[in-house]
Amino acid sequence: MIDASSITKVYVSLLNKEITKENAINKLIVLVLENPHFFGLENLNKEDMQDFLFYFIQKVDKVFNNFNPEKSKFSSYATSCILNEIRKYFKKNIPNDKVISLNKKIVDGVESLC
């Protein structure tokens, strides 16, 4: 199960040069993939999750590039960045007539509450 310390460990490992930036990026992607509930993605079907992860992979390096430790904790900043990318992805990729809350699920084109 994920918590703030799981995300912080990735950053600390990068700072201590225990892992490369590429490994840190991969670890964040794995955290999102393995813990969709933590990021509000538990209701995505497999195809939508794959599409989101493909989109997210292209954006995730910003989490490390733009982090300022004087302004926030890494876990808070990273989680906020991930959630913002989720919102951007859905705003860009879900047609207005099919916009749904992340608390709802579309099954075979029919919207249902989860």
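From a predicted model like this one, the values you see are computed outputs, not experimental measurements.

Digging into the overall build of the protein
In step 1: Counting its secondary structure elements, the protein contains 5 helices and 2 strands.
In step 2: The order of α-helices and β-strands along the protein, N terminus first, is α-α-α-α-α-β-β.
In step 3: When the 114 residues of the protein are sorted by exposure, 37% land in the buried category.
In step 4: Entry remark: accessible area of the protein is about 7,600 Å², with carbon and sulfur atoms responsible for 52%.

Regarding the packing of helix 2 (residues 21–34) against helix 3 (residues 46–57)
In step 1: Interaxial distance between helix 2 and helix 3 falls to 11 Å at its minimum, and their mutual angle equals 160 degrees. With respect to their mutual orientation, helix 2 and helix 3 come out roughly antiparallel. Relative to helix 3, the crossing made by helix 2 is right-handed. Facing helix 2, whose interface residues are Ile29, Val32 and Leu33, helix 3 presents Met49, Phe52, Leu53, Phe56 and Ile57.
In step 2: Taken together, the residues of the contact of helix 2 with helix 3 sort by class into 8 nonpolar, no polar and no charged.

Some words on unusual backbone geometry
In step 1: In the Ramachandran plot, Lys17 falls in the positive-phi region, its phi being about 60 degrees despite a non-glycine side chain.
In step 2: Overall, the relative accessible area of 76% leaves Lys17 in the exposed class.

Side note on helix 1 (residues 4–15)
For an α-helix, 3.6 residues make a turn, and residues three or four places apart therefore share a direction.
In step 1: Compared with an ideal rise of 1.5 Å per residue, which puts 12 residues at 16 Å, helix 1 spans 17 Å between its outermost C-alpha atoms and is within 8% of the ideal.
In step 2: Of all the residues in helix 1, the buried ones are Ser6, Ile7, Val10, Tyr11, Ser13 and Leu14. The arc enclosing the buried residues of helix 1, seen along the axis, measures out at 160 degrees, which places them on a common side. What points out from helix 1, more than 90 degrees from its buried face, is the exposed set Lys9 and Leu15.
In step 3: Summarising the contacts, the buried residues of helix 1 are in contact with helix 2, helix 4 (61–65) and helix 5 (74–93).
In step 4: Just past helix 1, the residue Lys17 takes up positive phi, approximately 60 degrees.

What to know about the side chain of Asn35
In step 1: Locating Asn35 in the fold gives a position in the loop between helix 2 and helix 3.
In step 2: Here Asn35 falls in the buried class, since its relative accessible area comes to 8%.
In step 3: Not counting residues within four places of it along the chain, the set of residues in contact with Asn35 comprises Met1 and Ile2.

Some details on the packing of aromatic side chains
In step 1: Counted by the stated rule, this structure contains 11 aromatic pairs.
In step 2: Between Phe52 and Tyr55, the ring centres sit 6.3 Å apart and the planes meet at 40 degrees, which makes this aromatic pair tilted. Here the residue Phe52 and the residue Tyr55 both occupy positions in helix 3, the gap between them amounting to 3 residues, near one helical turn.
In step 3: According to the relative accessible area criterion, Phe52 is buried, its value standing at 0%.
In step 4: Tyr55 gets classed as buried once you look at its relative accessible area, which sits at 12%.
In step 5: On the numbers, 5.5 Å between centres and 75 degrees between planes, the contact of Phe52 with Tyr89 is edge-to-face. Taken together, the residues Phe52 in helix 3 and Tyr89 in helix 5 connect sequence positions 37 residues apart. We note that Phe52, like Tyr89, is buried.

Rules and cut-offs
- Residues numbered from 1 in each chain as written.
- Predicted model: local features only at pLDDT ≥ 70, side-chain atom pairs only at ≥ 80, totals over all residues.
- Heavy atoms only, no water.
- Helix = DSSP H or I, 4+ residues; strand = E, 2+ residues; numbered from the N terminus.
- Buried < 20%, exposed > 50% of the residue type's maximum accessible area, 1.4 Å probe, protein only.
- Areas by Shrake-Rupley, 256 points an atom, 1.4 Å probe, with all protein chains shown as cover.
- Axes fitted to C-alpha atoms, helices over the stretch in contact; angles between N-to-C directions.
- Parallel < 35°, antiparallel > 145°, perpendicular 65-115°, else oblique.
- Left-handed = near helix turned anticlockwise from the far one by under 90°.
- Contact = heavy atoms within 4.5 Å.
- Nonpolar A, V, L, I, M, F, W, Y, C, P; charged D, E, K, R; others polar.
- Expected span 1.5 Å × (residues − 1).
- Arc of directions from axis to C-beta.
- Phe/Tyr/Trp six-rings, centres within 6.5 Å; stacked < 30°, edge-to-face > 60°.

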